[in-house]
Structure formats: C-alpha cells, structure tokens
Amino acid sequence: MVDMEKTANGRPVINQIEVVLPSLAVGNATLEQLRARLQSTFRVENQAAAVRAETLAELTRRKGVHITENDLREKGLRPRRKARSEVETAVELEELPKTSEGLRDGEIPYENARILAKASQEGDVDESELIGPAKTQSPDKFAGTVRKHQQQRSEDDGMSRLEHQRAQRFAKIKTDNTDGMTVLYGRFDPITGALIETALSQKMNELWREEDPRARRTPGQRMADALAHLVTREETDEDGKPPRGPRLLLIADYDVVSRELRNGRLGDGTPIPTEKVRDLACQSDILPAIFRGVSQPMDLGRSRRAASPAQRIALVARDKACVGCGATSNWCQAHHIIPWAVQGNTDLDDMVLLCSRCHHKVHDDHWQVRRKPSGKYYLKPPLKHDRPESTLRKTLLHGRRNAIKQRK
C-alpha cells in the first residue's frame, strides 16, 4: 500500500510517499499470497502515478510547461519525449475527474489514463462510457476501444481524425555515431501503416521460405532485410511488369436497406472512414464475401489441409490477431483446433489464428485452444508442463472431444 500520511519524529509528513513493503519472505509465501502481492504492486504503481500527475499539473500551473518538463527530466531521469508526454497527460487529467479518481484509487493503470487523456486532447470523448473499460482492459485492447469510441462520436465518420494523423506523419534516418549503424524511425497514419506492415510481412514470409532451416535469421534481422529489399530493389514479374502491391484487408458492413457501406475497418479492427474504404476500393481488387454464404465456402472438411484464401480472410475478420498473444494477423497461421492428423477438418470453426510462437506452445507444450461463451478463442496453459510423449494421442483426442462439445 501507499501511505501518504506517515509520521516522522512525531510530525506528519504530508509531501512524501512511502511504500509499506511486505514482511513475509517471498520463499515462504503461498501461491495466492504471491499473486496478491503482485496485484498490490500494480495498485501502488497506479497510485504513485496519480500523485505524480497531480504534482506535475500543479507545477505546470505555477512554473509553466518547459520548467516542469526540465524538472521531470532532471529529477526523474526521463527522456525528453517521455517527460513531455507525462506533463501533457497530467494537465489533461485535470479535465477527467473520474479517470483521475480511478488512477488514484489504483484501479486504472497509468497507460490507460494516458490513452484516455490523449483522446480527450484530440476531441470530445464520453469519459463515463470509457471509465469501465479503462479499469478492466489491457492498454492494447483499451486503445482499440477508444479508437472505436472516437469514430462513433465523430461528426465526419473519422475523416478529420485520419487527416490529422496523416498530417503528423514523420520519418527520420540518421547514423548512430557509437557504432556507425543507420537508424530508421517513422510514424504513419493507420492505413499507410497497415500497407507498410502488410508489404513487410509478405516479404518476410518470402525470405523465410528461402532460408536454410539450419541457419534461420532472427525475426528482427528478417524484417530489416525485408525493408531493405523493398526500398532498394526494383522487381518485375514474369511478364516484365511491376509486381502487385500488398493486399490490404478492409472490412465493411453493407446496409441492405440504405444500400450503403458502414463500419469500415482494417483487419485488426481499427476503424477507418467509409469514404476511405470507397477510395481504396477504386484502387484495388474487390473480393465480396458473405461469410457463410454459398459463394465463399467456409467448410472444406477433409478436402484440403491448408486454409483457403477465403477462409483466411474470414479468420482475420473474426480473430483479428493471434488468439494467444495478440500478434498481428500478418504473422499468423491458420491452426486446426482438432489436429488434421486425428481427422480434424479444415472448417472455419475448427481453425484459429496463431503466431509461430503460440503455435509451438500448442504443439510442443500442450497449451489448448478454448472458446469463451462470447465466441472468442483463447489459449489455456496446461495443468502440468511435463507430460510423457506416450500421452500425446490421448491429449489430441481429448482436445477433439472438447471441441465437439463446444460446438454443440
């Protein structure tokens, strides 16, 4: 816990924070006690961030932004960019009383408070509607919730926000004087960023297939090589024409009554203005897909082992990312919940998106794909990490029975 009213030499110390550390040694604590202790560290961290934010806001009011940022850099050893961000968040939190209260009570993580404060800077948000998710969602998920909230409250379907983001685009290239390496850095609007990520992912997959399995590059090295390849080399296809650009997945709902597109979004759920969906559609191939409709069969049974292109699109639309860790869909494979080796089918309900790392968890470490009542899939760790290889088939068959029960 954080005690801000501790006494020293019989006098109250009201301008200091003291953390009361647990007296029980870690080795003597039970599993539940360790989890409770871990939870308390999160609460303390949030409460301390609330006190710091209040302090920074008051210092800014008295001394100004630049002096406050300088104090934060010197006393907190913060980088310039982080110091500026903390001061901006602190000032904005004064206009968000419920968020500030949740942060001070330790119920809202600072990162979620920062996301909400930044959204409030950009436009009108309903704090009451977002305060609940801020207390229960991880920053990655909460950021998506806030983006959707901003889109829904936008008067122009998010076009002004997208234009503002595009105006903030930035790229920089420099040489690191310590070792002579070239450093690239950039910020892009969501649509451009998705195109860049898709192109890089496609090239990374090509490089992976060309590699010697005994001498694999690290993912970071492969991405660096992919970027260099795309930027510095000109390629043509077999007919001597430039290659096709990256295939960007855009999803929109079609309102049959009004005959209009609604709820435009990228494959990961990032909302985009419907007008941009139309613009991009004019430059791209269109793949109309009515999921579960007769034109795009989603269930292929035992007729093929790998997911079809239509099934992969449906999986991205449904799962959005790796169901285990949230890695981008471009880095995921379609995994059979009921393994193909034990008569599993290549059906949409029997597949989920998994990145390579989570795929190994399932196949090598006995993690299991489970489904929540809401229909969302997730990974569940094994009860026992070490299982004899002789039980593998029993494990697979048990997983098949569970999957069949969940379908029913």
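How each quantity is defined
Residues numbered from 1 in each chain as written. Predicted model: local features only at pLDDT ≥ 70, side-chain atom pairs only at ≥ 80, totals over all residues. Heavy atoms only, no water. Helix = DSSP H or I, 4+ residues; strand = E, 2+ residues; numbered from the N terminus. Buried < 20%, exposed > 50% of the residue type's maximum accessible area, 1.4 Å probe, protein only. Contact = heavy atoms within 4.5 Å. Areas by Shrake-Rupley, 256 points an atom, 1.4 Å probe, with all protein chains shown as cover. Polar contact = N/O pair within 3.5 Å; in protein donor to acceptor, adjacent residues only side chain to side chain. Core = buried A, V, L, I, M, F, W, Y, C linked by side-chain atoms within 4.5 Å. Axes fitted to C-alpha atoms, helices over the stretch in contact; angles between N-to-C directions. Parallel < 35°, antiparallel > 145°, perpendicular 65-115°, else oblique. Left-handed = near helix turned anticlockwise from the far one by under 90°. Patch = residues over 30% accessible without salt bridge, like charges linked within 9 Å, V, L, I, M, F, W, Y side chains within 5 Å. Salt bridge = Lys/Arg side-chain N within 4 Å of Asp/Glu carboxyl O. Lys, Arg positive; Asp, Glu negative; His and termini not counted. Charge placed at Lys NZ, Arg CZ, Asp CG, Glu CD. 1 Å grid on protein atoms, 1.4 Å probe; cavity = no way out; pocket = protein on both sides within 12 Å on 5 of 7 lines; lining within 4 Å. Points joined across faces, edges and corners; volume = space filled by probe spheres on them. Nonpolar A, V, L, I, M, F, W, Y, C, P; charged D, E, K, R; others polar. pLDDT = per-residue confidence, 0-100.

### Considerations on the overall build of the protein chain
Next, step 1: Looking only at helices and strands, the protein chain features 14 helices and twelve strands.
Next, step 2: Within the protein chain, buried positions represent 32% of all 408 residues.
Next, step 3: Taking contacts inside the protein chain between residues at least 6 apart in sequence as the whole, the part at least 24 apart equals 50%.
Next, step 4: Summing over all exposed atoms, the protein chain offers an accessible surface of approximately 26,900 Å²; the carbon and sulfur share of this is 51%.

### Quick look at the environment of Gln 33
Next, step 1: Mapped onto the elements of the fold, Gln 33 is located in helix H1 (residues 31-63).
Next, step 2: Of the residues examined, Gln 33 reaches a relative accessible area of 39% and is grouped as partly exposed.
Next, step 3: Leave out the neighbours within four places in its chain, and Gln 33 touches Leu 24 and Asn 28.
Next, step 4: Looking at Gln 33, its side chain comes within polar contact range of the main-chain nitrogen of Thr 30, at 2.8 Å.

### Structural notes on the nonpolar core
Next, step 1: Counting 26 residues, the largest nonpolar core has Leu 93, Leu 103, Leu 116, Leu 130, Phe 142 and Val 146 as the members making the most contacts within it.
Next, step 2: Ranked by residues supplied to this core, first place goes to helix H5 (residues 110-122) with six residues.
Next, step 3: In contact with Phe 142, not counting residues within four places along its chain, are Asn 112, Ile 115, Leu 116, Leu 130, Pro 133, Ala 134 and Gln 137.

### Thoughts on the side chain of Lys 203
Next, step 1: Of note, Lys 203 is situated in helix H9 (residues 190-210).
Next, step 2: Within the structure, the side chain of Lys 203 is placed 2.9 Å from the side chain of Glu 206, a separation counted as a polar contact.

### What about the packing of helix H2 (residues 65-76) against helix H3 (residues 80-93)?
Next, step 1: In the contact formed by H2 and H3, the axes pass within 9 Å of each other and the chain directions differ by 125 degrees. Relative to H3, the element H2 is oriented oblique. Considering only the axes of H2 and H3, their crossing is right-handed. On the side of H2, the interface is formed by Val 65, Thr 68, Glu 69, Leu 72 and Arg 73, while H3 contributes Arg 80, Ala 83, Arg 84, Glu 86 and Val 87.

### Brief notes about a negative patch on the surface
Next, step 1: A cluster of acidic residues, Glu 155, Asp 156, Glu 163, Glu 275 and Asp 279, forms a negative patch at the surface.
Next, step 2: As for its placement among the helices and strands, Glu 163 is situated in helix H8 (residues 159-167).

### Some points on a positive patch on the surface
Next, step 1: Together, Arg 80, Arg 81, Arg 84, Lys 118, Lys 172, Lys 174 and Arg 187 line one region of the surface with positive charge.
Next, step 2: Mapped onto the positive patch, the elements with two or more residues apiece are H3 and strand S5 (170-175).
Next, step 3: Among the structural elements, Arg 187 can be located in strand S6 (residues 182-187).
Next, step 4: A relative accessible area of 48% places Arg 187 in the partly exposed class.

### Remarks on empty space enclosed by the protein
Next, step 1: By the definition in use, this model includes two cavities of 30 Å³ or more.
Next, step 2: Counted as a void, the largest cavity has a volume near 110 Å³.
Next, step 3: Taken together, Arg 147, Gln 150, Gln 151, Gly 158, Arg 161, Leu 162, Gln 165, Pro 190, Thr 270, Pro 271, Ile 272 and Pro 273 make up the lining of the largest cavity.
Next, step 4: Broken down by secondary-structure element, the contributors of at least two residues to the lining of the largest cavity are helix H7 (139-153) and H8.
Next, step 5: Tallied by class, residues from the lining of the largest cavity come to five nonpolar, five polar and two charged.

### Quick word on the packing of helix H6 (residues 127-136) against H7
Next, step 1: In contact at an axis separation of 10 Å, H6 and H7 are set at 165 degrees when each is read in the N-to-C sense. For the element pair H6 / H7, the angle class is roughly antiparallel. For the pair H6 and H7, the sense of crossing is right-handed. Taking contact as the criterion, the partners of Glu 129, Leu 130, Pro 133 and Ala 134 in H6 are, on H7, Phe 142, Thr 145, Val 146 and His 149.
Next, step 2: Grouping the amino acids of the contact of H6 with H7 by side-chain chemistry returns five nonpolar, two polar and one charged.

### Digging into the confidence of the model for the protein chain
Next, step 1: On average, residues of the protein chain score 81 in pLDDT, and 81% of them reach the 70 mark or higher.
Next, step 2: Contacts of residues 1-8 to residues separated by more than four positions or lying in other chains number 26 contacts, the stretch itself having pLDDT below 50.
Next, step 3: The low-confidence segment residues 289-295 (pLDDT under 50) makes eight contacts with residues lying over four places distant or belonging to another chain.

### Details of a nonpolar patch on the surface
Next, step 1: Taken together, the side chains of Ile 173, Leu 184, Leu 227, Leu 230 and Val 231 present a nonpolar region at the surface, about 470 Å² in accessible area.
Next, step 2: If you tally residues by element for the nonpolar patch, the top one is helix H10 (residues 219-232), at three residues.
Next, step 3: As for its position among the elements, Leu 184 is in strand S6.
Next, step 4: Take Leu 184: its relative accessible area is 53%, and that puts it in the exposed class.

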